[in-house]
Amino acid sequence: MRTPLRSLSRRGLLSGTLGSAALLTLGGSLTGCGTKGAQQTEAGCVSEDLSATEKKLAFANWPQYLDVDDKDESRRPSLDEFIAKTGIQVTYTEDINDNNEFFGKVQNQLATCQSIDRDIIVVSDWMAARMIRLGWIQKLDPAKIPNVQANLLPSLLDRSFDTENRISIPWQAGLAGLAYNGNVTKELRTVDELLTRPDLKGRVTALSEMRDTMGLLLGSNGHDPANFTAAQFDDALHKLKRAVDSGQIRRFTGNDYAPDLAKGDIAACIGWSGDVIQLANEDEKVRFVAPDSGVMLYSDNMMVPNKATHRGNAEALINYYYEPAVAAKLAAYVNYICPVNGAQAEMEKIDPELATNPLIFPDDAVLAKSTVFMTLDEKQEKEYEGKFQQVIGA
C-alpha cells in the first residue's frame, strides 16, 4: 500500500501553528505551570480504575495519526480490530492539534486534580516531560504492557523524563534532519553547507520548532544536543543568527516548507522525515539527509492523565499497538518511525518497499547518529525559547 501525500502532516500541525501567539502563551500563562498550585503528586491526586467493570476508553490523538480504510474513511482497521478483540469500546477523537494549545485546554483541570475526560492522550516528548514534571500523569503497570517491555526500540529506552518507561510510551517517532530537492540543487550533506553555501543563499528554510533546529546546530558545532550548556546554546544561536542576517535562510516554517521543497521554490531545508518520505513517494529526487553530526529524534507519546478512570483499558490498547503486526499496519499508513521491534518483518508482508525505507525503519547507522533534545526545566524552557524566537523573528 502506498500512502498518498497528505496536505498537512501531524508533525506539521505540531509546529506549524507555533508563531508569536504561542510564544505569548509560553511566556504568559504557561510560566505558572511550575507553581505550587499546579503541581500534583501521586499521593495527593489519586485515580480510580474502573476498567474491570467499564469496558470503554477515551483516546485523544492528532489528526491523520491512525490508519484509515482506503474505501471507507469512517473505519480505522487497527482500532476496529482492537475493539473486536477486547470488547473495549473506544471513543477516538482527533482533538490534539498543537501541544501548547492542548496544554491550555486541559491545564486548569489537571492542575486541580480533575478529570479531562480522556484516558489516553498523545503529546510530543517535550510536552510529555512538562506534564510528568507537574505530576499530572499516571504510572503504568509494566506487567500490563509486556509488549512494550519486549519490543520498544532501544533508541527510545531510558529517556531522561521517563527512565523506566512507565509513564509515556512512544506512539510514533520521527527524525529532524536536512532535506534537498535534487532537481534544483546538488547534494547536501552538512548543516554548515546549508547555512553557508553560496548557491543556496535565499533558498533555505529552517524549522520554527526550537528543539529541532537548535539541536541540529548544536550537533554541527560538536556539542551534544542531549547535554549542553547555556554557552554552547548561545554559540549555536549565533551561528543561526549569522545565517539569518546574511540572507541565507529565507524563513522559518512549520511543515509548510514541504510544498515549496517539492516544487523547487526552496532548494534545501531543515525538515522532518515524515514529510520528506511523502514527498519522495512522488519525486525520488527529493531526499532526506542525516548529516554526520547527527539528527534529532523526537517521539509522540501515549500517556494516561490523572483522574482517567480506565487505566487498565488504556494499558490493553498500548500493549496491543506494540504487537509487531499491528505496529506495521499503523506505520504503513502514517509513514513515521515505527517504535516497535519486529514490525519491519511484518511490514514486508504489507509493502516490501516501505520495509526497506530507513525513514520508517532506521538502520543502526542512522539511530547511532540520532539524539533526543535535552529535557529542559521551566526556567531553561522559557529562556531558550525566548532567545530562539528573537533570532527567527517570530
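Peer 1: Teacher, can you tell me more about the overall build of the protein chain here?
Peer 2: For the protein chain, the count of helices and strands is 17 helices and 10 strands. Taken over the C-alpha trace, the protein chain has a radius of gyration of 21 Å; the compact-globule value for 394 residues is 21 Å, and the two agree within 12%. For the protein chain, the spread of C-alpha atoms along the three principal axes comes to 65 × 50 × 30 Å. Classification of the 394 residues of the protein chain by burial places 57% in the buried group. For the protein chain, the proportion of contacts with a sequence separation of at least 24, taken over those separated by at least 6, is 78%. When the accessible area of the protein chain is evaluated, it comes to approximately 15,500 Å², of which 49% is carbon and sulfur surface.

Peer 1: Looking at this model, I keep getting lost on the environment of alanine 243. Mind explaining?
Peer 2: Within the fold, alanine 243 resides in helix H9 (residues 230-245). Take alanine 243: its relative accessible area is 2%, and that puts it in the buried class. With 138 residues separating them in the primary sequence, alanine 243 and glutamate 381 have C-alpha atoms 23 Å apart. The contact partners of alanine 243, leaving out residues within four places of it in the chain, are Leu195, Gln248 and Ile249.

Peer 1: Teacher, can you tell me more about the nonpolar core here?
Peer 2: Soluble globular proteins tend to bury their nonpolar side chains together. Counting 128 residues, the largest nonpolar core has Val90, Met131, Leu240 and Leu317 as its most contacted members. With sequence-adjacent residues up to four places away left out, valine 90 is seen in contact with Leu57, Phe59, Leu79, Phe82, Ile83 and Leu317.

Peer 1: When you look at the pairing of strand S7 (residues 268-272) in this model, what are you seeing that I'm missing?
Peer 2: The element S7 is largely enclosed, with a buried count of five among its five residues. Side chains Ala268, Ile270 and Trp272 of S7 all project onto a buried face; the interleaved residues Cys269 and Gly271 project onto the opposite face, where all are buried too. Relative to S7, strand S4 (residues 169-181) is paired through five bridges, and the arrangement is antiparallel. The residue of S7 that forms the bridge with tyrosine 180 is alanine 268.

Peer 1: Teacher, can you tell me more about the environment of alanine 368 here?
Peer 2: You can see alanine 368 is positioned in helix H16 (residues 364-368). Taking C-alpha positions, alanine 368 is 19 Å from threonine 163, a pair spaced 205 residues apart along the chain.

Peer 1: What should I look at first to understand the packing of aromatic side chains in this one?
Peer 2: Each pair of aromatic rings is reported with the distance of its centres and the angle of its planes. In the structure shown here, the tally under the stated rule is 13 aromatic pairs. Look at tyrosine 65 and tyrosine 336: their rings are 6.0 Å apart centre to centre, the planes differ by 85 degrees, and that puts the pair in the edge-to-face class. On the criterion of sequence distance, the pair formed by tyrosine 65 in the loop between strand S1 (56-60) and helix H3 (77-86) and tyrosine 336 in the loop between helix H13 (324-334) and helix H14 (343-350) is long-range, its members being 271 residues apart. Centroid distance phenylalanine 228 to phenylalanine 233: 6.1 Å. Interplanar angle 25 degrees. Geometry classified as stacked. Accessibility expressed as a relative area gives 0% for phenylalanine 233, which makes it buried. The aromatic ring of phenylalanine 103 is capped on one face by arginine 130, whose charged end is 5.0 Å from the ring centroid.

Peer 1: I'm lost on the confidence of the model for the protein chain in this one. Help?
Peer 2: Caution is warranted with low-pLDDT regions, since their predicted coordinates should not be read in detail. Of the residues in the protein chain, 90% have a pLDDT of 70 or more, and the chain-wide mean is 88. In the predicted structure, residues 1-35 sits below a pLDDT of 50 and forms 94 contacts with residues beyond four places in sequence or in another chain.

Peer 1: Looking at this structure, how should I read the layout of surface pockets?
Peer 2: Roughly 450 Å³ of internal volume is contained in the largest pocket. Along the walls of the largest pocket sit 20 residues, with Ala280, Phe288, Asn357, Pro358 and Leu359 positioned nearest its centre. At the level of elements, helix H11 (273-282), strand S8 (286-289) and helix H15 (352-355) are the ones that each hand at least two residues to the lining of the largest pocket. Taken together, the residues of the lining of the largest pocket sort by class into 12 nonpolar, three polar and five charged. Considering only enclosed or pocket space, the second largest pocket measures out at about 290 Å³ in volume.

Peer 1: In this structure, what is going on with the pairing of S1? I would like to understand it.
Peer 2: Every other side chain in a regular strand lies on the same face of the sheet, so the side chains alternate between the two faces. The buried fraction of S1 is high, at four of five residues. On the question of chirality, the crossover connecting S1 to the parallel strand S2 (residues 89-93) by way of H3 is right-handed. Judged from the two bridges that link them, S1 and strand S3 (residues 120-124) form a sheet pairing that is parallel. Its bridge partner lying in S3, phenylalanine 59 is registered against isoleucine 120.

Peer 1: Explain the pattern of salt bridges here, please?
Peer 2: Working definition: two side chains of opposite charge can pair if their charged atoms are close together. Taken as a whole and assessed by the stated rule, the structure comprises 22 salt bridges. With a closest N to O distance of 3.7 Å, glutamate 187 and arginine 189 form a salt bridge. When its relative accessible area of 37% is taken as the criterion, arginine 189 is described as partly exposed. Among the ionic contacts, a cluster of salt bridges with common partners joins Arg130, Glu209, Arg211, Glu381 and Glu385.

Peer 1: Explain the packing of helix H8 (residues 210-220) against helix H17 (residues 378-392) here, please?
Peer 2: Helix packing for two helices is described by the angle between their axes and how far apart those axes are. Where H8 contacts H17, the two axes come as close as 11 Å, and the packing angle between them is 80 degrees. Regarding the angle of H8 to H17, the classification is roughly perpendicular. Counting all contacts with H8, which are made through Met210, Arg211, Thr213 and Met214, the residues of H17 involved are Glu381, Tyr384, Glu385 and Phe388. Considered class by class, the residues forming the contact of H8 with H17 number four nonpolar, one polar and three charged.

Peer 1: Would you mind showing me how to read helix H4 (residues 99-111) here?
Peer 2: Helical periodicity: at 3.6 residues per turn, an α-helix aligns residues three or four positions apart in one direction. For H4, the principal kink sits at lysine 105 and spans about 40 degrees. Burial in H4 covers these residues: Asn99, Asn100, Phe102, Phe103, Val106, Gln107, Leu110 and Ala111. After H4 finishes, the residue cysteine 113 shows a positive phi value of roughly 60 degrees.

Peer 1: Got a minute to help me understand empty space enclosed by the protein in this structure?
Peer 2: Over the atoms rolls a probe the size of a water molecule, and its path tells where empty space is left. Enumeration over the complete set of coordinates arrives at five cavities of 30 Å³ or more. Taken as a whole, the largest cavity spans an internal volume of roughly 160 Å³. As for the largest cavity, its lining consists of 19 residues, and the residues nearest its centre are Asp125, Trp126, Arg211, Val372 and Phe373. Elements with a minimum of two residues in the lining of the largest cavity: helix H5 (125-133), H8 and strand S9 (295-303).

Conventions and cut-offs
Think of each chain on its own: its residues are numbered from 1, step by step along the sequence as written. Selection of residues for local features in this predicted model requires a pLDDT of at least 70, selection of side-chain atom pairs for listing and counting requires 80 or more, and totals for whole chains, interfaces and linings are taken over all residues. No hydrogens and no water enter the side-chain calculation; it runs on all heavy atoms of the structure. Numbered from the N terminus, helices here are DSSP runs of H or I no shorter than four residues, and strands are runs of E no shorter than two. Both definitions apply: the radius of gyration is a C-alpha atom measure, and the globule rule equals 2.2 Å times residues to the power 0.38. Each residue is placed in one exposure class: buried if its accessible area under a 1.4 Å probe, protein chains only, is under 20% of its type's maximum, exposed if it is over 50%, and partly exposed if it falls in between. Whether two residues are in contact is decided by their heavy atoms, any of which lying within 4.5 Å being enough. Throughout, the Shrake-Rupley method with a 1.4 Å probe supplies accessible areas, and for residues the shown protein chains are the sole cover considered. In this description, a nonpolar core means a group of buried Ala, Val, Leu, Ile, Met, Phe, Trp, Tyr and Cys residues linked to one another through side-chain atoms lying within 4.5 Å. Being paired, for any two strands, means DSSP has found at least two bridges between them. Paired rings are identified among Phe, Tyr and Trp, the last through its six-membered ring, by centres lying within 6.5 Å, and are further divided according to the angle between planes into stacked (under 30 degrees), edge-to-face (over 60) and tilted (the rest). Two conditions define a charge located above a ring, namely a distance within 6 Å from the ring centre to NZ of Lys or CZ of Arg, and an angle within 35 degrees of the ring normal. For every residue, the predictor reports its confidence as pLDDT, a number between 0 and 100. Computed over the protein atoms alone on a 1 Å grid, cavities are sets of points where a 1.4 Å probe fits but cannot get out and pockets are open sets with protein on both sides within 12 Å along at least five of seven lines; a residue lines them when it has an atom within 4 Å of a point. Grid points are joined across faces, edges and corners, and a volume is the space filled by probe spheres set on the points. Put simply, Ala, Val, Leu, Ile, Met, Phe, Trp, Tyr, Cys and Pro go in the nonpolar bin, Asp, Glu, Lys and Arg in the charged bin, and everything else, Gly too, in the polar bin. Look down the strands so they point away from you; if the path from the first strand over the helix to the second goes clockwise, the crossover is right-handed. When a carboxyl oxygen of Asp or Glu is within 4 Å of a side-chain nitrogen of Lys or Arg, the pair counts as a salt bridge. Axes here refer to lines fitted to C-alpha atoms; in helices the fit is confined to the stretch in contact. Angles between the N-to-C directions go from 0 to 180 degrees. Note that the term roughly parallel is reserved for angles under 35 degrees, roughly antiparallel for angles over 145, roughly perpendicular for angles of 65 to 115, and oblique for everything else. Think of it this way: the bend at a residue is just the angle between two axes, each fitted to seven residues, one set ending at that residue and the other starting at it.

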